[in-house]
Amino acid sequence: MSESKALAILSDPSLVEEKSSISFRFNRRTWTLIGTLSAIAALAGMAFTFVLPKQYVVTRTFIVTSGSNPNDNDTLIRAFQDLMGDEQFAAAIKAKTELPIPVEDVKGMISVDRPPQSATIKVAVRSTDEEDASKVSAQIVPTLDDIINSAQVQLPIENRISGPLVQEYFDRPLRQIEYVPWYVGLLGAGAMAFLLSFVVAAFRQYRRPVIASPRDVGEALDLPVLARIAAVGDGRAANPQDAVLGMLSAVERLGANGPIHRLVIVGPESDVERSKLVLALACSIARNFDQPVAVIDADLENARLTELVGAEREAGLAECLSGDVAVDHAMLRMDEGFTPEFIEGMAPAAGMIRLMPAGVDRGGSLLRMRSNLHQVLGALSGKYVVVVDGPRVPGQVPSTQLLSMADATIVVVTENVTTIRDARFAGNTLRSNTSKPVGAVVMRR
């Protein structure tokens, strides 16, 4: 790859070719959203059927005859069917009834049906007004007679169609009231909403294919997949401790060539679930190995971990990078009101975990990550096992020095959430900025 092309890809991740297959296995959040939208639409459709006006239907059955030639009868029946569906026929009906409605509405009120191989025609007139339906229905035969007579008045008598052409079959028309069944609205609206939301979700995933399996991770990141774990606090895991067992196994595999004192955890996106995993992992290290742990929120862009522990107003990494606060003064004891509820059952002994939040004035410290971070990490060396909740890579926060100073790096991708493009670009960034062990962990959701 040429240098110019490499620079173009680094500046625009969309230029990276996507060779992985596209999967339409949606995550639980997408299925939940599709189901919720379908249920809401179904209930709305059912409710709509209750407010729809009822339809009054007046049906008349006519027999069409003209002599003994059945071909003539069939021709007349077809002609009458076409005639009663014409706008001019509706205009004639409107003129006779003097209804204050458009001709198109009159035409829509009339429906004609002919049973197969029958000499009868059924004409149903529907309207939300019973009187209008009756008026239009009563003028069907008179209007037909007027049209036929006016068409034959100039013909010689011997060429005219003989006999009564149209006769009503029954003495009284059939009158009915129609309602739209509630289940039609329920099933119809629900099915349409499901199909529409499914198509939208599929199109979105087609445009932005996501990680669907550990194999996709290996192909996209070009890194070994060390573990596939449940999200911390996920209902499929018995407790947060079980959720980080795979993470501990991943750390041990990365540390096969030597001890790990600085572990950096990053991802293609900033995700609160990753920050939960970092905090739970720190608790497990402190409890299982009896080592004091320092957790650093190095995501100066989003500060998910800082929000998670409720330390938004506390000085932290940003102030340490600028030299306004000493490193020791920026370290918070987790047991002093900074313990989230989801890890209360696995928190280590008091004082075993110290937290360095992202800080308050983070915007001005982004560039200082390039040159001053080694001072912060150096101040913690020999005192703690350092676990860093890193920024998204690549991203606005400079991560070159952070990755180069790590003993090991783990990139966390979320199944059915992380896009293949972002995962591939994160893998390129990691391989170009560190020579230390790097592995991937797939988080189920």
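Residues numbered from 1 in each chain as written. Predicted model: local features only at pLDDT ≥ 70, side-chain atom pairs only at ≥ 80, totals over all residues. Heavy atoms only, no water.

Caption draft 1: Just the overall build of the protein chain, in detail. Counting its regular elements, the protein chain contains 18 helices and 13 strands. For the protein chain, the proportion of its 445 residues judged to be buried stands at 45%. When contacts within the protein chain are restricted to residue pairs at least 6 apart in sequence, long-range pairs at least 24 apart make up 81% of them. By element, 53% of the accessible surface of the protein chain is carried by carbon and sulfur atoms, the whole surface being about 22,600 Å². (Helix = DSSP H or I, 4+ residues; strand = E, 2+ residues; numbered from the N terminus. Buried < 20%, exposed > 50% of the residue type's maximum accessible area, 1.4 Å probe, protein only. Contact = heavy atoms within 4.5 Å. Areas by Shrake-Rupley, 256 points an atom, 1.4 Å probe, with all protein chains shown as cover.)

Caption draft 2: Local environment of a nonpolar patch on the surface. A grouping of Phe48, Phe50, Val51, Leu52, Val180, Trp182, Tyr183, Val184 and Leu187 is seen on the molecular surface, where their side chains present a nonpolar patch of about 930 Å² in accessible area. With four residues, the top contributor of residues to the nonpolar patch is helix α8 (residues 182-207). Relative to the assigned elements, Val184 resides in helix α8. (Patch = residues over 30% accessible without salt bridge, like charges linked within 9 Å, V, L, I, M, F, W, Y side chains within 5 Å. Salt bridge = Lys/Arg side-chain N within 4 Å of Asp/Glu carboxyl O.)

Caption draft 3: Representation of the packing of aromatic side chains in the model. As enumerated under the stated definition, the model contains four aromatic pairs in all. With centroids separated by 5.1 Å and ring planes inclined at 75°, the aromatic side chains of Tyr169 and Phe170 adopt a geometry described as edge-to-face. When the centroid spacing of 6.1 Å and the interplanar angle of 25° are considered together, the rings of Phe194 and Phe198 count as stacked. A residue pair is termed a helical-turn pair when its members lie 3 or 4 positions apart in one helix, as Phe194 and Phe198 do in helix α8 at four residues. Taking the relative accessible area as the measure of exposure, Phe198 reaches 30% and is therefore partly exposed. One aromatic cluster is present, built from ring pairs that chain together Trp31, Phe194 and Phe198. If you follow Lys276 out to its NZ or CZ, it ends over the ring of Phe342, 5.6 Å from the centre. (Phe/Tyr/Trp six-rings, centres within 6.5 Å; stacked < 30°, edge-to-face > 60°. Lys NZ or Arg CZ within 6 Å of the ring centre and 35° of its normal.)

Caption draft 4: Spotlight on the nonpolar core. Counting 44 residues, the largest nonpolar core has Leu221, Leu317 and Met356 as its most contacted members. Formed by 43 residues, the second largest nonpolar core is a distinct cluster that contains Leu226, Met334, Met346 and Met352. (Core = buried A, V, L, I, M, F, W, Y, C linked by side-chain atoms within 4.5 Å.)

Caption draft 5: How the structure looks around the side chain of Arg114. Mapped onto the secondary structure, Arg114 falls in the loop between β2 (110-113) and β3 (120-127). Overall, Arg114 belongs to the buried group, its relative accessible area being 18%. Excluding its chain neighbours within four sequence positions, the residues that come into contact with Arg114 are Asp74, Ile77, Arg78, Gln81 and Thr120.

Caption draft 6: Focus on the pairing of β3. Buried residues dominate β3, accounting for six of its eight residues. As paired elements, strand β1 (residues 55-64) and β3 share eight bridges and run antiparallel to each other. Among the inter-strand pairings, Phe62 is bridged to a residue of β3, identified as Ile121. Between β2 and the antiparallel strand that follows it, β3, lie six residues; Gln117 among them carries a positive phi value of about 55°. (Pairing = 2+ DSSP bridges.)

Caption draft 7: Structural detail: helix α7 (residues 140-152). When the terminal C-alpha atoms of α7 are compared, their 19 Å separation across 13 residues agrees well with the 18 Å that a helix rising 1.5 Å per residue should span. Looking only at α7, the buried set comprises Ile140, Val141, Thr143, Leu144, Ile148 and Gln152. Looking straight down α7, one finds that the buried residues subtend no more than 165° of arc, so they occupy a single side. (Expected span 1.5 Å × (residues − 1). Arc of directions from axis to C-beta.)

Caption draft 8: Focus on the side chain of Ser197. Structurally, Ser197 can be placed in helix α8. Within the structure, the side chain of Ser197 is placed 3.1 Å from the backbone oxygen of Phe194, a separation counted as a polar contact. (Polar contact = N/O pair within 3.5 Å; in protein donor to acceptor, adjacent residues only side chain to side chain.)

Caption draft 9: Fine view of the environment of Asp216. Following the sequence through the fold, Asp216 ends up in helix α9 (residues 214-221). In this structure the C-alpha to C-alpha distance between Asp216 and Arg424, which are 208 residues apart in sequence, comes to 9.9 Å. Beyond its immediate stretch of four places on either side in the chain, Asp216 contacts Val210 and Ile211.

Caption draft 10: Local environment of α9. Taken as a whole, α9 has its buried residues at Asp216, Val217, Ala220 and Leu221. Buried residues of α9, viewed axially, fall in a sector of 105°; they line one side. Lining the buried residues of α9 we find β6 (225-230), β12 (408-414), α18 (420-433) and β13 (438-444). Directly beyond the C-terminal end of α9, a positive phi value near 55° is found at Asp222.

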